[in-house]
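In case you want the letters, here they are:
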Amino acid sequence: MACSLGDTAVELTSTPDGRRLVVRRVVDAPVEAVWEALTDTERWPEWGPSITAVDCDDRHVRAGTTGRVRVVGGLWLPFEIETCENYRWTWTVARVPATGHFVDPHQDGSVVGFELPVLAAGYVPVCARACARLADVAKTARNGE
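Just so we're clear, the structure is a prediction, and the values are computed from it rather than from any experiment.

**Student:** I'd like a description of the overall build of the protein chain, backed by residues and values.
**Tutor:** From N to C terminus, the protein chain includes three helices and nine strands. Helices (α) and strands (β) of the protein chain occur, in sequence order from the N terminus, as β-β-β-α-α-β-β-β-β-β-β-α. In terms of C-alpha radius of gyration, the protein chain reaches 14 Å, essentially the compact-globule figure of 15 Å for 145 residues. Referenced to the eigenvectors of the C-alpha coordinate spread, the extents of the protein chain come out at roughly 40 × 35 × 30 Å.

Structure follows, in structure tokens:
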């Protein structure tokens, strides 16, 4: 099953964490630039539609990074990065497994994506927006702006 939301593709597929909805978008920027934006906790509010602030001792996430995010509405939620390797990271938010994040190489730059539990299908539009924002953040960083 696959569909699209503008420039963003959505499909139900197998991931390292089982069958999940995967939201992905081609980005006109190298993998490293997208990965930098995706793992930089100070940049999360720039591309994450549901995140308004981050409190974390680690600027760039790694397995074991902990902190908290303030979500729309002002609530602070604790998070922990579960895995972070091979241009992919996963986390729990308020001890609940949340989205997986990844960057893959692509002939036109890279692909950024999010992996969602099937029961979180309502979060697909938010992830599609995050993909678009990440594309803008990575292109801006690449251009030195």
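**Student:** With reference to specific residues and values, describe the pairing of strand β8 (residues 96-106).
**Tutor:** Here strand β7 (residues 88-93) runs beside β8; their pairing, made up of five bridges, is antiparallel. Bridge pairing in β8 links Thr92 to Pro97. Adjacent in sequence and paired antiparallel, β7 and β8 are bridged by two residues, among which Ala94 carries a positive phi angle near 55°. As judged from the seven bridges shared by β8 and strand β9 (residues 109-116), these two strands associate in the antiparallel manner. Looking across to β9, one finds that Pro105 is bridged to Ser110. Here β8 folds back onto β9 in antiparallel fashion, the turn holding two residues.

**Student:** Tell me about unusual backbone geometry, and please be specific about residues and values.
**Tutor:** As a rule of thumb, non-glycine residues mostly have phi less than zero, and peptide bonds are mostly trans rather than cis. One non-glycine residue with positive phi stands out, namely Asn86, at about 55°. With respect to the element layout, Asn86 can be found in the loop between β6 (76-85) and β7. Non-glycine residue Arg95 carries a positive phi angle of around 65°. Counting through the fold element by element, Arg95 comes out in the loop between β7 and β8. Arg95 gets classed as exposed once you look at its relative accessible area, which sits at 80%.

**Student:** Before we move on, could you go through the packing of aromatic side chains and cite the residues and values that matter?
**Tutor:** A ring pair, where both rings are aromatic, is described by two values, the distance of the centres and the angle of the planes. Evaluation of the coordinates by the stated rule reveals seven aromatic pairs. With centroids separated by 5.4 Å and ring planes inclined at 85°, the aromatic side chains of Trp89 and Trp91 adopt a geometry described as edge-to-face. Taken as a pair, Trp89 and Trp91 share a single burial class, namely buried. Joined through ring pairs, the aromatic side chains of Trp44, Phe79, Trp89 and Trp91 make up one cluster. Over the aromatic face of Trp76 sits the side chain of Arg68, whose NZ or CZ is 4.0 Å from the ring centroid.

**Student:** Quick rundown of the pattern of salt bridges? Include the residues and the values.
**Tutor:** Applying the stated criterion across every chain yields a total of nine salt bridges. Between Glu46 and Arg43 there is a salt bridge whose closest N-O contact spans 3.0 Å. A relative accessible area of 41% means that Glu46 is categorised as partly exposed. Note that Asp55 and Arg68 form a salt bridge whose closest N and O atoms lie 2.9 Å from each other. With Asp55 in strand β4 (residues 51-56) and Arg68 in strand β5 (residues 66-71), the pair connects residues that are 13 residues apart, well separated along the chain.

Conventions we followed
Residues numbered from 1 in each chain as written. Predicted model: local features only at pLDDT ≥ 70, side-chain atom pairs only at ≥ 80, totals over all residues. Heavy atoms only, no water. Helix = DSSP H or I, 4+ residues; strand = E, 2+ residues; numbered from the N terminus. Rg over C-alpha atoms; globule rule 2.2 N^0.38 Å. Pairing = 2+ DSSP bridges. Buried < 20%, exposed > 50% of the residue type's maximum accessible area, 1.4 Å probe, protein only. Phe/Tyr/Trp six-rings, centres within 6.5 Å; stacked < 30°, edge-to-face > 60°. Lys NZ or Arg CZ within 6 Å of the ring centre and 35° of its normal. Salt bridge = Lys/Arg side-chain N within 4 Å of Asp/Glu carboxyl O.

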